[in-house]
Amino acid sequence: MRRLLVWPPQAYLIAFFLVPTLIMVASSFAWPGEEGGLSSFWVRDAQGIHFDLTFDNYRDIFTSRLFLVLFARSLGYAGLTTASCLLAAYPLALVIARSAGKYRNLLLLMVIVPFWTNFLIRIYALMIILGPQAALARILNALLDWVGLTPVSLLFSPFAVLVGMVYIYLPFMVLPLYANLEKHDPDLLDAARDLGAGSWQRFWRITFPLSLPGVMAGSALVFIPALGAFAVPDILGGTRGIMIGNVIKMQFLEARDWPFGSALSIMLTLLALVVTGLAAWLARRKVGAGV
Amino acid sequence: MALLEIRHVTKRFGGLAAVSDASLEIQPGEFFTLLGPSGCGKTTLLRMIAGFDVPDAGQILLDGVDLAATPPERRPFHTVFQSYALFPHMTVADNIAFPLRMAKVDERKLAARVAAALGEVRLQDMGTRYPNALSGGQKQRVALARALIDRPRLLLLDEPLAALDLKLREQMQSELISLQKDVGITFVYVTHDQGEALALSHRIAVMNEGRVSQIGTPDEVYEFPANRFVADFIGTCNLLDARVMALDGERVTLNVAGLGTVRAWSSRPCQQGDRGVLALRPEKIQLDRAPSSGGEASHFLGTIRGQMYLGDVTVYKVEIGNAVLVEALLPNSTARGARLFAPGDQIYLSWGYDAGRFIHDG
Ligand SMILES: Nc1ncnc2c1ncn2[C@@H]1O[C@H](COP(=O)(O)OP(=O)(O)OP(=O)(O)O)[C@@H](O)[C@H]1O
Ligand SMILES: [Mg+2]
């Protein structure tokens, strides 16, 4: 009976996380098939039936400057997106956590409301807002013209990608931060103040260190999907905003080279693991065991 | 001059006055206690002293200087919170060093002072622990050490022992007394426990519904309660409706409902015909099998109606005259101990004239 009760979560993890990842790992060592997709792992030739695996996909990644640049750029975008989300979300989460009960629910609702509109529609809306005919671009370019600079295009630029990603992922940073900040004991801030800490000291010595688990959770929720994003750069990025996610999508849907797509996506997973692991380790070392 | 002076301070939350027109003075070196039932405004008054709450009216002065413009972080006071409020992400040593770091004390001098502070509360070896690895009593000591390390002018304590069990509470009480004596810092202590207040304090302010009912030394508030509330709240007290028949200075002759004429003592001037209560402490009543006689004592014949054995003492409920019930208390000091009398027994009660206090109404 005990064992049966333990099963569902483990079964869920195995079915939806472990198995797909293992399939990806396996296919990343395969050859591409004749009509795209995968070729069989088993080949029959003059020597009989045997396994045929290759490291070529990984070699191609590490020997091509293009892919390394794309990985680095994705890392940069994801890092910038995470940092911007954190900067934007922290004050917001703090205000929500410290506001009176009735306003708090209203504010939380406003964070969640955008989810009610389809993701693609929100991105297309941004496309219009950032577009050359919209007020934003016109005012900016009028200003640039006035100081004697050449006009710029907001859309189809790294800037547009960043704006889009921050907009899409912001709630994923706000919610875990809020969940953490809301639990802080207000007596701690009173105590710090009583012991001589000004508002800045109270934030840096009490609130921020205690919120690090929330910062880590929110950053992981933003960083990991941002690293593999493809829809936002597809729509808002143009050719200059392409990310590794776009390449992976291309491998699967257009080039039909599933093994190479798998290898790229395994590399992406490893990259995400390494970065988040490193961040978690740093945070723990900095704050100590009390939290 | 008083160290801290509170002048006509009022604080309202919505329509309710949590503290109304409170005035008191705290002298340097004093162990001063705010005592009162739950919700009487003790915490609110303490928070106004600390600066977390701002009075709606009145002033709080330190050394005669109004503190209104001084925020909590710049008041030379520290608070020990009932929840301890230790910083969970800092070690015990870092918690204790916090006020010094805020005051930008040289990091090289920190370690020695923290070690000394740990010694003061007998936690020498606990510096590297985190608060979640401490017992309630240890957390309490860390909170004390942290609040005392930079020697504030005033230490504010809000029911600091409420969360501890009885034995530990008694031990911490005596530690608090000696700690206060050693460091020589003025303590303002909040409690709803009258026994704790009597045991610890130099002076007590008894509060009721946001007002200061009486200020005095423990024996003053116990022996000479200024009003019905104080008499009733501190210790146990028989309160019998009475009227002044005659006076002779501080001595009054009362007509007590159901008892008749009783002689008592009044600390405040009163007049013939004044109404009030006779306050009589149970331990000041003598119980005897045989009638005793004495000049100015009051004597009554009563019947035991109930008894409560409390170990060191036994409390008897005695009915006198026309259904007047009084409580009397006898120490179980004889070798065989308790139960000298049984319900139904006829006994004689007596008390000296100066055992009864007359308390005015209004
Ligand atoms: N922030 C607040 N908002 C509204 N009412 C408050 C607030 N703080 C206190 N009160 C009210 O003021 C009154 C006094 O509260 P206070 O906390 O000072 O009492 P207390 O004497 O410390 O009681 P206890 O012994 O239960 O701690 C109570 O009726 C309380 O409900
Ligand atoms: Mg209180």
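Report follows, based on the coordinates. On a predicted model such as this, the values are computed, not experimentally measured, just so you know.

### Regarding the site of ligand 1
Residue and element names in this part refer to chain B.
Argument step 1. Taken together, F13, L16, A18, S38, G39, C40, G41, K42, T43, T44 and E159 make up the full set of residues near ligand 1.
Argument step 2. For ligand 1, an oxygen atom lies 3.2 Å from a polar atom in the backbone of C40.
Argument step 3. T43 places a polar side-chain atom, nitrogen or oxygen, 2.5 Å from an oxygen atom of ligand 1.
Argument step 4. Protein coverage of the free-state accessible area of ligand 1, which is 630 Å², stands at 58%.
Argument step 5. Broken down by secondary-structure element, the contributors of at least two residues to the shell around ligand 1 are β2 (16-26) and α1 (42-50).
Argument step 6. A total of 3 residues in the shell around ligand 1 trace back to one element, the largest contributor, which is α1.
Argument step 7. Residues belonging to the shell around ligand 1 are distributed by class as follows: 4 nonpolar, 5 polar and 2 charged.

### Some remarks on the pattern of salt bridges
Where charged atoms from two side chains of opposite charge approach closely, those side chains can pair.
Argument step 1. With the rule as written, the count across this model stands at 23 salt bridges over all chains.
Argument step 2. Between A:D234 and A:K249 there is a salt bridge, with its nearest N and O atoms 2.8 Å apart. Of this pair, A:D234 sits in helix α10 (residues 231-237) while A:K249 is found in helix α11 (residues 244-253), placing the two residues 15 residues apart along the sequence.
Argument step 3. Judged by its relative accessible area of 40%, A:D234 is partly exposed.
Argument step 4. Exposure remark for A:K249: the relative accessible area of 24% places this residue in the partly exposed category.
Argument step 5. For B:R47, the salt bridge identified is with B:D53, shortest N-O distance 3.3 Å.
Argument step 6. What you see here is one network of salt bridges that share partners, running through A:D56, A:R59 and A:D60.

### As for helix α4 (residues 136-148) of chain B
All names here are of chain B.
Argument step 1. Under the 1.5 Å per step criterion, the end-to-end length of α4 is 18 Å for 13 residues, consistent within 8% with the ideal 18 Å.
Argument step 2. Among the 13 residues that make up α4, 11 are buried, leaving the element largely enclosed by the rest of the structure.
Argument step 3. Among all positions of α4, only G137, Q138, Q140, R141, V142, A143, L144, A145, R146, A147 and L148 are buried.

Reading the values: rules and limits
- Residues numbered from 1 in each chain as written.
- Chains lettered and ligands numbered in written order.
- Predicted model: local features only at pLDDT ≥ 70, side-chain atom pairs only at ≥ 80, totals over all residues.
- Heavy atoms only, no water.
- Near = heavy atom within 4 Å.
- Polar contact = N/O pair within 3.5 Å; in protein donor to acceptor, adjacent residues only side chain to side chain.
- Areas by Shrake-Rupley, 256 points an atom, 1.4 Å probe, with all protein chains shown as cover.
- Helix = DSSP H or I, 4+ residues; strand = E, 2+ residues; numbered from the N terminus.
- Nonpolar A, V, L, I, M, F, W, Y, C, P; charged D, E, K, R; others polar.
- Salt bridge = Lys/Arg side-chain N within 4 Å of Asp/Glu carboxyl O.
- Buried < 20%, exposed > 50% of the residue type's maximum accessible area, 1.4 Å probe, protein only.
- Expected span 1.5 Å × (residues − 1).

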